[in-house]
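# Understanding the architecture of this molecule
If you want the building blocks of each chain, they are given just below.
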Amino acid sequence: MDVKELQRRVGVAADGVCGPQTRAAIVNAITNIDAPAITPADIERAAIELDVSPAIIRAVRKVEAPRGAFDSRGRISILYERHYFSKATGGRFDQAHPDLSGPARGGGGYGTYSQQYDRLTAACALDPSAAFASCSWGAFQVMGAHADKLHYGAPFEMAMVLSVSERAHLDSFVRYVKAFGLVDALRQCRAGDAESCVAFVAGYNGPDHARFGYAPKLAEAAR
């Protein structure tokens, strides 16, 4: 997807220039102030499907998106990951746009939550598909880069699905756990037992999970 195609998808003139109007339209496309919330019944259905405790699903949600699936303005909660963008674009923007493309940030340096939307739209001016792939999305912070494996088709399509409701965010989590073979690891997780959560967070949060304390956070959140 190039800028013109993105512009057509978000309903602005397709001039190929990702200016203020286009950037506002991109954010508007991932905004839904009236998005229905996840219900206890939704959690229960997902728990039955995965054969896990509803408490552990709620705990993953709490750890991944403590501020909620959507922010106070109705925008899907996102985190822009510049190393994903660099990988998706072969590093060709690393020198000219180091805030958008480069190595992983390590201990932080992401900026404020609100800055994530500016980074997304700025990256869209360079490569829209890579930009949407480089964000983690929603209540369970599933990376757009996995959209194809999760059967959304493409990162932009995944974002549009997630803009509809929080239930769609829960579905993205279920899809991820199944697609990446983490069902058994999730079933091992126990409230208050950080060690039991290690296998799951290693698969879900990656090799740096220990540095950020994901296993203790998940075990505590499940209490």
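## Describing the pattern of salt bridges
Under the criterion given, the structure shown has 13 salt bridges. The closest approach of N and O atoms between glutamate 5 and arginine 8, which form a salt bridge, is 3.3 Å. Linking glutamate 5 with arginine 8, this pair stays in helix α1 (residues 3–10), spanning three residues, or about one helical turn. Ionic pairing is found between arginine 9 and glutamate 157, a salt bridge with its closest N-O pair at 2.7 Å. Residue arginine 9 is found in helix α1, and its partner glutamate 157 is found in helix α8 (residues 155–162); the two are separated by 148 residues along the sequence. Several salt bridges share partner residues, and in doing so they unite Asp42, Arg45 and Arg167 into one network.

## Overview of the environment of glutamate 5
Classification of glutamate 5 as partly exposed rests on a relative accessible area of 27%. In this structure, the C-alpha to C-alpha distance between glutamate 5 and aspartate 15, residues ten residues apart in sequence, is 9.7 Å.

## Examining empty space enclosed by the protein
Per the counting criterion, the structure on display carries one cavity of 30 Å³ or more. Quantified by volume, the largest cavity comes out at close to 40 Å³. In terms of lining residues, the largest cavity is bounded by Val60, Val63, Glu64, Phe200, Val201, Tyr204, Asn205, Tyr214 and Leu218. Elements with a minimum of two residues in the lining of the largest cavity: α4 (54–64), α11 (194–205) and α12 (214–221). The dominant element in the lining of the largest cavity, judged by the number of residues it contributes, is α11, at four residues.

## Details of the nonpolar core
One recurring pattern in soluble globular proteins is that nonpolar side chains are buried together. Ile57, Phe132, Trp137, Phe140, Phe173 and Phe200 are the most contacted members of the largest nonpolar core, which has 69 residues in total. If we ignore the near neighbours within four places in the chain, the residues touching phenylalanine 200 are Val60, Phe173, Val177, Leu182, Ala185, Leu186, Cys189 and Leu218.

## Points about the layout of surface pockets
The calculated volume of the largest pocket comes to roughly 1200 Å³. Along the wall of the largest pocket there are 43 residues; nearest its centre are Leu79, Glu81, Tyr110, Ser136 and Tyr214. Broken down by secondary-structure element, the contributors of at least two residues to the lining of the largest pocket are α4, β1 (78–80), α5 (82–88), α6 (115–124), β3 (142–143), α11 and α12.

Cut-offs applied
- Residues numbered from 1 in each chain as written.
- Predicted model: local features only at pLDDT ≥ 70, side-chain atom pairs only at ≥ 80, totals over all residues.
- Heavy atoms only, no water.
- Salt bridge = Lys/Arg side-chain N within 4 Å of Asp/Glu carboxyl O.
- Helix = DSSP H or I, 4+ residues; strand = E, 2+ residues; numbered from the N terminus.
- Buried < 20%, exposed > 50% of the residue type's maximum accessible area, 1.4 Å probe, protein only.
- 1 Å grid on protein atoms, 1.4 Å probe; cavity = no way out; pocket = protein on both sides within 12 Å on 5 of 7 lines; lining within 4 Å.
- Points joined across faces, edges and corners; volume = space filled by probe spheres on them.
- Core = buried A, V, L, I, M, F, W, Y, C linked by side-chain atoms within 4.5 Å.
- Contact = heavy atoms within 4.5 Å.

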